[in-house]
Amino acid sequence: MKQIYVGLTGNEAVATAFKQARPHVAPAFPITPQTEMMHKFADFVADGAVDTEMILVESEHSAMSAAIGSAATGARTFTATSSAGFALMWEVVYIAASLRLPICMPVVNRALSGNINIHNDHSDAMGGRDAGWIQLWCENTQEAYDHALMCWRIAEHKDVCLPVMINYDGFIISHTSESLHILPDEDAWKFVGPKDLKTGYSLLDVDHPITVGPLDLTDYYFEHKISQIEALKRAPQHIAEVYKEFGALTGRHYSFFEEYRTDDADLVIVALGSTAGTAKDVIDAQREKGVKVGLLKIHMFRPFPAAELAKALSKAKVVGVMDKSASFGGWGGPLFNEIRSALYDLPARPKIHNWIYGLGGRDTDTKQIVALIEQLQAIAKGREAETVNLLGVRL
Amino acid sequence: MSLIPTSSLNEGGIITEAGNAAAFKTGDWRSNVPQWVPENCIHCMFCWIYCPDSAVAIDNTGEKTVMTGFVFEHCKGCGICAQHCPPAAKGKAAIVMVRDEK
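These figures come from a predicted structure and were not determined experimentally.

Rules used throughout
- All residue numbers refer to position in the chain's written sequence, counted from 1.
- Each chain takes a letter, starting from A, and each ligand takes a number, starting from 1, following the order in which they are written.
- In view of the model being predicted, local features appear only for residues whose pLDDT reaches at least 70, and side-chain atom pairs are presented and counted only at 80 or more, with totals across whole chains, interfaces and linings using the full set of residues.
- Put simply, DSSP H or I for four residues or longer makes a helix, DSSP E for two residues or longer makes a strand, and each gets a number counted from the N terminus.
- Our radius of gyration is a C-alpha quantity, and the globule rule it is checked against amounts to 2.2 Å times the number of residues to the power 0.38.
- Residues with at least 20 other C-beta atoms within 10 Å of their own are called buried, those with 12 or fewer are called exposed, and the rest are partly exposed. The C-beta atoms themselves are positioned from the backbone.
- Our contact criterion uses C-beta atoms placed from the backbone: two residues qualify when those atoms are within 7 Å.
- Buried Ala, Val, Leu, Ile, Met, Phe, Trp, Tyr and Cys residues form a nonpolar core when they are connected through C-beta atoms within 7 Å.
- Annotation comment: domain bounds sourced from an automatic or database domain assignment.
- Within a predicted model, pLDDT stands for the predictor's per-residue confidence, ranging from 0 to 100.
- Should DSSP find at least two bridges between two strands, the strands are regarded as paired.
- Between N-to-C directions, angles span 0 to 180 degrees; the directions come from axes that are lines fitted to C-alpha atoms, helices contributing only their stretch in contact.

## Observations regarding the overall build of chain B
Right, so step 1: Counting secondary structure elements, chain B contains two helices and four strands.
Right, so step 2: Secondary structure elements of chain B occur, N-terminal to C-terminal, as β-α-β-β-α-β.
Right, so step 3: For chain B, whose C-alpha radius of gyration is 17 Å, the value lies well above the compact-globule estimate of 13 Å for 102 residues.
Right, so step 4: Within chain B, the fraction of its 102 residues that count as buried is 18%.

## Digging into the overall build of chain A
Right, so step 1: A tally of regular secondary structure across chain A gives 13 helices and 14 strands.
Right, so step 2: The C-alpha atoms of chain A give a radius of gyration of 21 Å, which matches the 21 Å a tight globule of 395 residues would have.
Right, so step 3: Buried residues in chain A amount to 52% of all 395 residues.
Right, so step 4: A fraction of 81% describes how many contacts in chain A between residues 6 or more apart in sequence connect residues 24 or more apart.

## A look at the interface of chain A and chain B
Right, so step 1: On the side of chain B, eleven residues touch chain A, which itself brings 18 residues to the contact.
Right, so step 2: If one sorts the elements of the side of chain A that touches chain B by residue count, helix 9 (residues 221–250) of chain A sits on top with four residues.

## Quick look at the environment of Y168 of chain A
Residue and element names in this part refer to chain A.
Right, so step 1: Counting through the fold element by element, Y168 comes out in strand 6 (residues 164–169).
Right, so step 2: Judged by the 31 C-beta atoms lying within 10 Å of it, Y168 is buried.
Right, so step 3: As for Y168 and N140, which are separated by 28 residues in sequence, their C-alpha atoms are 7.4 Å apart.
Right, so step 4: With sequence-adjacent residues up to four places away left out, Y168 is seen in contact with G10, P106, V108, N109, C138, A144, I173, S174 and G273.

## So, the nonpolar core
Right, so step 1: With 122 residues, the main nonpolar core has A96, C151, I154, L162, V164, I166 and V270 of chain A as its most contacted residues.
Right, so step 2: Each of two domains, domain 1 (4–250) and domain 2 (257–391) of chain A, supplies a minimum of three residues to this core.
Right, so step 3: Not counting chain neighbours up to four residues away, the residues in contact with I154 of chain A comprise I134, V160, V164, A235, H238, I239 and V242 of chain A.
Right, so step 4: Membership of the second largest hydrophobic core comes to 13 residues, among which are C47, F70, C85 and A94 of chain B.

## Observations concerning the confidence of the model for chain B
Residue and element names in this part refer to chain B.
Right, so step 1: Taken over all residues, the pLDDT of chain B has a mean of 90, while the share at 70 or more is 95%.
Right, so step 2: Per-element confidence in chain B is highest for helix 1 (residues 46–50), whose mean pLDDT is 97, and lowest for strand 4 (residues 95–99), whose mean pLDDT is 95.
Right, so step 3: Here the predicted complex carries an ipTM of 0.80, next to a pTM of 0.91.

## Some details on the sheet that holds strand 9 (residues 267–271) of chain A
All names here are of chain A.
Right, so step 1: The sheet built from six strands is open, its strands ordered 8-10-9-12-13-14 with mixed pairing. At either margin of the open sheet sits one strand with a lone partner, and together these are strand 8 (257–260) and strand 14 (388–391). Adjacent strand axes in the sheet meet at a mean angle of 25°, parallel and antiparallel pairs treated alike.
Right, so step 2: One ladder, built from five bridges, connects strand 9 with strand 10 (residues 293–298); its direction is parallel. Opposite L267, over in strand 10, you have V293 as the bridge partner.

## Brief notes about the pairing of strand 10 of chain A
All names here are of chain A.
Right, so step 1: The element strand 10 is largely enclosed, with a buried count of six among its six residues.
Right, so step 2: In this sheet, strand 10 lies alongside strand 8 in antiparallel orientation, the contact comprising four bridges. When the bridges of strand 10 are listed, E259 appears paired with L296.

## Here's the deal with unusual backbone geometry
Residue and element names in this part refer to chain A.
Right, so step 1: The residue after T32, namely P33, is reached through a cis peptide bond having omega 0°.
Right, so step 2: Along the chain, the position of P33 falls in the loop between strand 2 (25–28) and helix 2 (35–46).
Right, so step 3: Backbone torsion omega between R302 and P303 reads -10°, so that peptide bond is classified as cis.
Right, so step 4: Within the secondary structure, P303 is located in the loop between strand 11 (300–302) and helix 11 (306–313).

As structure tokens, then:
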């Protein structure tokens, strides 16, 4: 298959992938920096490139509610949001997962208020990490495009039937033009395929009437939550299959997490999203100087691949986990907590420290990552250090 | 009703039976209870029509459908049946609400 080499912003790339997936319905409400993605998709609809029914709603709560109604009929459905918009749809975000509806939603990551800030950090999606959605994280425009194609195969798999959230950094990825390879429309469609209306259930199947979202009290709620957990446990196997198939098709091979120069690394940085790209450049330069440092970039944060991560990080001496969100009053950031917990049962575990960085879009440049690596080196040599640290903030 | 385990549940908690209210016994929290006075009953079926649950028992196997009493496993004591019970026919209502002493 011959792919097309183009220059697109992250938002344009994701809109293109969604056009190629031919969704039936897309409820939309604008919020920076997601807005451009829906603009672009609306262009495709207006130009007749895709016949998706767009529902222009009055809030994000309504956008997700409309998505739920649509997906419950069996229609392939997506919406997209950021930050405060994600916060406003909070209640229904949980319901989408509870009803096991395969909705796909880019969360173009942006700081939560207040004070109001339109720039990138991960506080929006991290707040929703226990909502029951599959969460996939992207480093750049290419990864955002690829995941926007793959998400349908994952969400709509009959053994999964869960909503998928695709995270990519606001402005850094969403508004930056990058070159990437996209699939021709027909090849993308061949990969995604039509939604199998026989999987899951449909409110429009009048021969099999159902009740969706009934009152669920002390007698069954607990069992239904466990059933959701079981579905999330089944997801990794299917995500791995989709990654494999996509890799064979495009040459771009994904896994639950990417290990960059970690083979002999004493020091390993763990990060999500675009910061991983900056870290790779710094790691290349540090490797030139003989510093044994590597990067572990997580694609699949929910479900959390704890066992695989523990194995991958078991050889390191010091692990530095970068969190682009704060857990107020908590013990380190959310990514740090998960990683540290995953490593707890290792017979000999590395030292694990946390760096909170980049809140509200504070630029995380190469100098900051160099400084982080220097601290990891010092810790490896036995220097005492705080468990939870800050990067790039004035104190 | 026996409770089914997680492994046998429909995904998403959807209910595939059109009417399953009869399976849920919900009549254990009323404070008032309807009392049927058969000699006053003209079997108009108003109580059966207006009951928001399925708490009015009837027998429709004979020539004429008749009311036969209440199913207290479903009655929440709302009193709608008593409100709609027409006393005009025999001068006295066939359903009166009393304090549930149980």
